[in-house]
Every structure is written in structure tokens, then in C-alpha cells.
Amino acid sequence: MPVAVTLTVMFRLSWQITAAALLLLPLFLLPARVMGGRLTALMRQTAACHSSLTALMTERFSAPGAGLVKLFADPEAESTGFTARATRIKELEVRSTVSQFLFVIALALVSALAVALVYGLGGYLAVTGTIRAGTVVTLALLLRELYDPLTRLAGTRLDLITALVGFERILEVLDLPPLVTEPAHPKQLPAGPLPVEFDEVTFAYPAPDQVSLASLEDAATLDTRGGEDVLRKVSFRIEPGTLTALVGPSGAGKSTLATLIPRLYDTDHGSVRIGGADVRDLSFATLRRTVGMVTQDSHLFHDTVRANLTLADPEATDEDLWHALRRARVDGLVRSLPEGLDTVVGERGHRLSGGERQRLTIARVLLARPRVVILDEATAHLDAHAEAAVQEALTEALQGRTALVIAHRLATVRAADRILVLEAGELVESGTHDALLAADGAYARLYRTQFAEPADIGGAVSVPAPPHRTPDAALTRP
Ligand SMILES: Nc1ncnc2c1ncn2[C@@H]1O[C@H](COP(=O)(O)OP(=O)(O)OP(=O)(O)O)[C@@H](O)[C@H]1O
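Note that this is a predicted model, so its numbers are computed, not measured.

**Describing the overall build of the protein**
The number of helices and strands found in the protein is 17 helices and 10 strands. Counting across all 478 residues of the protein, residues that qualify as buried make up 42%. Across the protein, contacts joining residues at least 24 apart in sequence account for 78% of those joining residues at least 6 apart. Just so you have it, the protein exposes about 25500 Å², and 60% of that area is on carbon and sulfur atoms.

What follows is the structure, encoded as C-alpha cells:
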């Protein structure tokens, strides 16, 4: 029965009892008001504790994290840290369940109080002969019809208050402005091999408060200061279809420079251009199609070999996959896996060696057929056989493409058409291997400490010819 009809009937039966019942209405808002604030605070604390525990588990239970814990960490301290967080969550959950329970009991109590009042006042009126006993019972029943929707409404208000705590966190994520935004009218790139240019590029990593949320971090407030310039006024041009090696001491900014080409970050000053177009004027899809990257850690998802490869080209057939695997010199390995292309690899799957992982990621790049390839060579030493296999795979992958290789191996710097030397974020030298050695500057010093092999310092080692690079037929997309 609608509330208005119930009220009308009640008024007609006894205006005194109905008025008293209405006077009790504000009491229904009281539990929601008291509990609402308390539950909101509890929910906020619970959400913060959950995210802290999830972050801890993600770090500690990943393969590298678990290895680190096993090697260095104190198991007692790790267990204490985990237990402390889990216990805090348990306490908060118990407190919020008890609070919700108390809220339901408080509402039931208010409702029972109102019914008791009706019987009390009604009984008195019945005894004095103002109304009949039957009317009192009818009024008590009607009162339930009046209070039930109110009880539900108060409960909904509480649900709403607690749901808003979840929304607060979602909105915080949605409100974080993206660092890199897609242009409204993207430019198209010309066909064929493309040059890559850096024009007076200066770059500093964004401040933590621009890339993270305070509520998701252990620190209550994040640092708002921007970092130091990692790259300063860097300018160079990589000619279409040529191989450029990037060398420099650790921390010079080589990886940072490489991430600006696929626009993982935007430059602060200057511009990065591919095929004459500023990367800020290209769509994300064009950048993804044009630039291929093989990183040092050669990450593979916990999924099948097939799924890891088709990430680069979802339309690829098995024949395409085997072709790419053959060219990356890793087909033999995949064939020997228990379920071939369907073998699960990655952290929790079939574990592959560093060299094998790198060749699989090279196969992924071959499948994507990017016109610009960026490669961060593995620093770890591979054995002679693995090194030769990776080298062959690289020669194949870089053929006919504009390539920038962060070089850690002698073979690569020698094969490069040009070498760029980066020191403390500045480009200090560029030229061919022989010219830079003859100049006896920063490259020559680096070469003697990082690249040269004992027999090589005297110039006794013959220089292998650079791989012959011809435009790759596979590059031309239909
Ligand atoms: N995501 C990041 N946020 C803030 N600073 C960073 C980030 N990544 C790197 N840096 C800083 O930028 C500088 C250059 O690092 P980068 O990794 O580019 O050097 P690198 O020459 O590639 O070194 P390496 O040869 O050891 O890999 C370092 O001082 C580093 O601390």
C-alpha cells in the first residue's frame, strides 16, 4: 500500500496516534547518520590496507621478487610484515561487519519502540473509551507498512555512503590526466623506410604525483618536484634503413632516449620526428605499427608462445608464426617444447633462458614488421652458441629497417653505420667506429673499458663486415 494511503487511513482511525508515530520518524535517520560516518572511515582504511597488501603480494610473489626475498630478505621479517597487514584488514573487516550489524539492530529497535508507543498510547485511549481496541491493533499493523519503506531507505542510504568510498578511488584514477594524449587529427607517414630525428630534445621524468596516486602509495603525499634533466639538447638523425648504435656509461640516459621514439613519454623541449612527422602528431596505432622495441628483460606473458607472438599481429597464421620463429633462429626451440606453439611460457610457465627469451621477442618484432626497430641489447653475457644465434636473429630483424641499438657488444658497434655517444644526458660524439677510435675521445675510452677484447686492443682482430642491409620485402604492408 502506498505510504500516502496508509497515512490517510491512519489519520482517519486516530489522528493522535498517527501524529505521535510521525514525530518518531526523525529517529530513523539517527542510526544512518551515526553509522554512516563511522563506516565511511572504516571503508577508507580497509581499501587503503587492501591496496597495500595487494602491492606487497604482487611484488613479493612475482618471480624476480620471490627470488630476491629468498636470496636476501629475512623470512621472519617478511612474514611479520605480511601478517601485520593481513591482521589489520581482518580487524577492520570485523569492525565494519559489527557496525553494520549494530545499524540493523538500531533500526529494528527504533521500529519496535514506535510500535510499543502505539500500543501504549492506543491502550490508554482504548481504556478511556476514545477509540476501540480493534483500531489500536489495526494502527499497529499499518504502522509496519509505514516504517518498512523507511527502514529500507535508511539501509540504502548507508549502502550509498559506503559505495561512494569505492567511487572516490575510481574517480581519483579517472581524474589523473594522461601524460601522453593522442592528436585529434593525426598525420600519416609516407611509405618505405623512415628516418628518425631528435631535434634539441631535453627531457626530465615527470614528478611522482603526475604518474601515481597518493592513496595507492604508502607515502601519504607524493613528491611534486620534477626530476633533473635526463637528456639535454640531444640532436641527431638516423638515415632510413641504417643501423645506429647508442653507447655510453650506465645512467647516461640511453634507455630514456629510446623510450621517446615510441612516445612512452613526451619531450619537455624539442621534438622527436619519424619520417619527418613529430611523434606527437601521429596516432597511437601508427606509432605501434611503425616502431618495434626489444627490451633487455624480453618480457613474456604467462601465456602460450602463440599468444605471446600474436600480440604483435593478431591475424598471423601458424605459417606466419613459424616463418618469424625461423628467422629469429628460435624455431628449433619452440618445436622441442612439450606442446610447441601452445606451450605456456612466462613467469609461471615453461622457463626460458635469457637468450631464448630475447630471440622469441625478436620473432615478435619480425611478426609486427615495424619500419623502425629499437633494441636494448642484453648486458648479460651469453655463451658463444647463444650469442651467435642472437646475432643472426638480430641481423635478420634489422635488415632494411631504421634501427637504433643500445649496444653492449663489440659486433654491434662495429656493424653500425654510425655510433652515438651519450654522456650524462648529452650527445658528446658521433661517427663511425674507425673515425671515433681515431679521434681518441669519449668513444675510444669507452671502447677500451667496455667493448674491446684483449686481443682486440692491439687491432689484431679482423673486423666482421656489417650485415648487408637491403630493403626488406616483408616490410611492405598490404
Ligand atoms: N622511470 C624513471 N623515473 C625517473 N627517473 C628515471 C626513470 N628511469 C630512469 N631514470 C633516471 O634516468 C637516468 C638515466 O637512466 P637510463 O636508464 O636512461 O640510463 P641508461 O644509460 O640506459 O643506463 P643503463 O646502461 O645502466 O641501462 C638515471 O639517472 C635514472 O635514475
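Having seen it, we continue.
**Description of the site of the ligand**
Taken together, Tyr-205, Val-230, Pro-249, Ser-250, Gly-251, Ala-252, Gly-253, Lys-254, Ser-255, Thr-256 and Tyr-265 form the complete shell of residues around the ligand. For the ligand, an oxygen atom lies 2.8 Å from a polar atom in the side chain of Lys-254. About the coverage of the ligand: the protein hides 53% of its 640 Å² of free accessible area. For the shell around the ligand, the element with the most residues is helix α8 (residues 254-260), which contributes three residues. Of the residues that constitute the shell around the ligand, the class distribution is five nonpolar, five polar and one charged.

**A short note on the sheet that holds strand β2 (residues 229-238)**
Read across the sheet, four strands follow the order β2-β1-β4-β5 without closing on themselves; strand pairing throughout is antiparallel. The strands lining the two open edges of the sheet, one partner per strand, are β2 and β5 (277-278). Where strand β4 (residues 269-274) lies against β5, two bridges are found, and the strand directions are antiparallel. Each bridged residue has a counterpart across the sheet, and for Ile-274 the counterpart in β5 is Ala-277.

**Points about the pattern of salt bridges**
Under the counting rule described, the total for this entry stands at 16 salt bridges. If you follow the salt bridges from partner to partner, you end up with Glu-197, Asp-199, Arg-237, Glu-239 and Arg-273 in one network.

**Some points on helix α5 (residues 75-127)**
Given a rise of 1.5 Å per residue, 53 residues ought to cover 78 Å, and the 76 Å separating the end C-alpha atoms of α5 matches this to within 8%. Structurally, the start of α5 carries an N-cap: the backbone nitrogen of Glu-76 is 3.1 Å from a side-chain oxygen of Asp-74. Gly-129 occupies a position one or two residues after α5 and carries a positive phi of about 85 degrees.

**Digging into the nonpolar core**
Within the largest apolar cluster, 47 residues are counted, with the highest numbers of intra-cluster contacts made by Leu-325, Leu-360 and Ile-419. The greatest single-element share of this core, amounting to six residues, is contributed by helix α13 (residues 354-368). The contact partners of Leu-360, leaving out residues within four places of it in the chain, are Leu-300, Val-305, Leu-309, Leu-325, Val-330, Val-334 and Leu-352. Formed by 31 residues, the second largest nonpolar core is a distinct cluster that contains Met-10, Leu-39, Leu-42 and Phe-103.

**A look at the sheet that holds strand β3 (residues 243-247)**
Judged by pairing direction, the sheet is mixed, and its six strands sit side by side in the order β6-β7-β8-β3-β9-β10 without closing on themselves. The open sheet has two edge strands with one neighbour each: β6 (291-294) and β10 (426-431). Strand-to-strand twist in this sheet, taken as the mean axis angle between neighbours without regard to direction, amounts to 20 degrees. By the bridge criterion, five bridges tie strand β7 (residues 372-376) to strand β8 (residues 402-406) in an arrangement that is parallel. The residue of β8 that forms the bridge with Leu-375 is Val-405. Docked against the sheet, α13 engages β6 and β7, running at close to 175 degrees with respect to β6.

**Topic: the environment of Ser-235**
Note that Ser-235 resides in strand β2. Each C-alpha atom of the pair Ser-235 and Ser-271 lies 9.2 Å from the other, and the pair is 36 residues apart in sequence. In contact with Ser-235, not counting residues within four places along its chain, are Phe-198, Asp-199, Glu-200 and Leu-427. Engagement of the side chain of Ser-235 in a polar contact is seen with the backbone nitrogen of Glu-200, the distance being 2.7 Å.

**Quick notes on unusual backbone geometry**
With a phi angle near 50 degrees, Arg-369 is a residue other than glycine that sits in the positive phi range. Within the secondary structure layout, Arg-369 lies in the loop between α13 and β7. Phi at Asp-440 takes a positive value of approximately 55 degrees, unusual for a residue other than glycine. Take Asp-440: it is sitting in the loop between α16 (433-439) and α17 (442-451). Taking relative accessible area as the criterion, Asp-440 reaches 48% and is therefore assigned partly exposed.

**Focus on the packing of helix α1 (residues 3-13) against helix α2 (residues 15-23)**
For the pair α1 and α2, the least separation of the axes is 6 Å and the interaxial angle reads 135 degrees. The pairing of α1 with α2 is recorded here as oblique in orientation. The segment α1 lies against α2, with Leu-7, Met-10, Phe-11 and Leu-13 engaging Trp-15, Thr-18 and Leu-22. In terms of residue class, the contact of α1 with α2 is built from six nonpolar, one polar and no charged.

**Some points on the environment of Arg-38**
Mapped onto the elements of the fold, Arg-38 is located in helix α3 (residues 25-61). Classification of Arg-38 as partly exposed rests on a relative accessible area of 46%. Taking the C-alpha atoms as reference, Arg-38 lies 10.0 Å from Gln-100; in sequence the two are 62 residues apart.

**Focus on the packing of aromatic side chains**
Using the criterion set out here, one finds five aromatic pairs in the structure. With a centroid separation of 5.6 Å and an interplanar angle of 55 degrees, the aromatic rings of Phe-203 and Tyr-265 are classed as tilted. One end of the pair, Phe-203, is in strand β1 (residues 196-204); the other, Tyr-265, is in the loop between α8 and β4, with 62 residues separating them in the sequence. Overall, Tyr-265 belongs to the partly exposed group, its relative accessible area being 25%. Taken together, a centroid distance of 5.2 Å and an interplanar angle of 90 degrees make the contact between Tyr-205 and Tyr-265 edge-to-face. Taken as a pair, Tyr-205 in the loop between β1 and α7 (208-211) and Tyr-265 in the loop between α8 and β4 lie far apart in primary sequence, 60 residues in all. On the accessibility criterion, Tyr-205 (30% relative accessible area) is partly exposed. Clustering of aromatic rings is evident, with ring pairs tying together Phe-203, Tyr-205 and Tyr-265.

Parameters at a glance
Residues numbered from 1 in each chain as written. Predicted model: local features only at pLDDT ≥ 70, side-chain atom pairs only at ≥ 80, totals over all residues. Heavy atoms only, no water. Helix = DSSP H or I, 4+ residues; strand = E, 2+ residues; numbered from the N terminus. Buried < 20%, exposed > 50% of the residue type's maximum accessible area, 1.4 Å probe, protein only. Contact = heavy atoms within 4.5 Å. Areas by Shrake-Rupley, 256 points an atom, 1.4 Å probe, with all protein chains shown as cover. Near = heavy atom within 4 Å. Polar contact = N/O pair within 3.5 Å; in protein donor to acceptor, adjacent residues only side chain to side chain. Nonpolar A, V, L, I, M, F, W, Y, C, P; charged D, E, K, R; others polar. Pairing = 2+ DSSP bridges. Salt bridge = Lys/Arg side-chain N within 4 Å of Asp/Glu carboxyl O. Expected span 1.5 Å × (residues − 1). Core = buried A, V, L, I, M, F, W, Y, C linked by side-chain atoms within 4.5 Å. Axes fitted to C-alpha atoms, helices over the stretch in contact; angles between N-to-C directions. Parallel < 35°, antiparallel > 145°, perpendicular 65-115°, else oblique. Phe/Tyr/Trp six-rings, centres within 6.5 Å; stacked < 30°, edge-to-face > 60°.

From the geometry alone we can't say anything about function, so treat these as descriptive.
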